[in-house]
Amino acid sequence: DRVLLLLLTVSLCMNLGQAVLARRNTLATATYTGKGVRPDSAPSKGQEIVFLHLHGLDGQSHDVALNPGNLPTVIYVFSPSCRWCKLNETNINKLAIQLHGRYRFIGISESSIGLVSYVGDTKPPFPIFYANGGDVETQIDISVTPRTLVFSRSGKFVEGWNGAYIGQTREALSSFFRVDLQ
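A short tour of the structure in this document, coming up. (Residues numbered from 1 in each chain as written. Predicted model: local features only at pLDDT ≥ 70, side-chain atom pairs only at ≥ 80, totals over all residues. Heavy atoms only, no water.)

Quick notes on the overall build of the protein chain
Part 1: Helices and strands together make up the secondary structure of the protein chain, namely five helices and seven strands.
Part 2: Secondary structure elements of the protein chain occur, N-terminal to C-terminal, as α-β-β-β-α-β-α-β-α-β-β-α.
Part 3: Out of the 182 residues in the protein chain, the part that is buried amounts to 42%.
Part 4: Accessible surface, the protein chain: about 10100 Å² in total, of which carbon and sulfur atoms supply 56%. (Helix = DSSP H or I, 4+ residues; strand = E, 2+ residues; numbered from the N terminus. Buried < 20%, exposed > 50% of the residue type's maximum accessible area, 1.4 Å probe, protein only. Areas by Shrake-Rupley, 256 points an atom, 1.4 Å probe, with all protein chains shown as cover.)

So, the pattern of salt bridges
Part 1: In this structure the tally under the stated criterion is two salt bridges.
Part 2: A salt bridge links Lys45 to Glu159; its shortest N-O distance comes to 3.2 Å. Of the two residues, Lys45 sits in the loop between α1 (2-31) and β1 (51-55) while Glu159 sits in strand β7 (residues 157-162), which places them 114 residues apart along the sequence.
Part 3: Residue classification places Lys45 among the exposed residues on the basis of a relative accessible area of 55%.
Part 4: Of the charged contacts in the structure, one is a salt bridge between Glu89 and Lys86, with a shortest N-O distance of 3.5 Å. With Glu89 and Lys86 both in helix α2 (residues 83-98), this residue pair falls three residues apart, about one helical turn. (Salt bridge = Lys/Arg side-chain N within 4 Å of Asp/Glu carboxyl O.)

Notes on the pairing of strand β2 (residues 61-65)
Part 1: As paired strands, β1 and β2 are joined by five bridges and run antiparallel to one another. Across the sheet, residue His55 finds its bridge partner in β2, namely Ser61.
Part 2: Connecting β1 to the antiparallel partner β2 that follows it, the hairpin turn spans five residues, and Gly59 within it adopts a positive phi of roughly 90°. (Pairing = 2+ DSSP bridges.)

Brief notes about α2
Part 1: Over its 16 residues, α2 extends 24 Å from the first C-alpha to the last, a length consistent with the 22 Å expected when each residue adds 1.5 Å.
Part 2: Maximal helix bending in α2 amounts to about 50°, located at Glu89. (Expected span 1.5 Å × (residues − 1). Bend = angle between axes of the 7 residues up to and from the residue.)

Let's talk about the environment of Pro72
Part 1: Within the secondary structure, Pro72 is located in the loop between β2 and β3 (73-78).
Part 2: Note on Pro72: relative accessible area 11%, which makes it buried.
Part 3: Separated by 83 residues in sequence, Pro72 and Gly155 have C-alpha atoms that sit 7.7 Å apart.
Part 4: When neighbours within four sequence positions are excluded, Pro72 is seen to be in contact with Arg102, Tyr103, Arg104, Phe151, Ser152 and Arg153. (Contact = heavy atoms within 4.5 Å.)

Topic: the environment of Gly160
Part 1: Relative to the assigned elements, Gly160 resides in strand β7.
Part 2: What makes Gly160 buried here is its relative accessible area of 0%.
Part 3: Each C-alpha atom of the pair Gly160 and Ser44 lies 9.8 Å from the other, and the pair is 116 residues apart in sequence.

Nothing here speaks to function; it is geometry throughout.
As structure tokens, this is what we get:
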């Protein structure tokens, strides 16, 4: 009886462990599919956003125009505490440098906590702002980090990707921007 009970307990634990791992893998790949932004997340393709109300590192308010007319805009949404964002620092900086003069880059942190230190340590090659509530969160959905969004010269949403620049996401970004992110 004890041997049977022990075997049943071990079997149950193994089945639960497999179920937990399968669920964790599903959740881990759900956000980082590399197939663009989630269909239910803002903004929608073609949606025009004239400006975003953001805050600079000094805490001052800024209305950042997404339709400056001269260059399309890439918005990079990140968080200083996000490990995927940390892993992606080299790639986003590489992308911004390769596309300098063809696209304007803006970094938006979903949090101001630790942001000044983060920017001081990483020295991104583009201006950094943070969202402080308001309409930004509904306009571009900053709940997913890292997130890369492209807007046309007129401020219309063109394309976006969720997750770090690995696998399919790196391939999709490289293809879209015609750059090498290896």
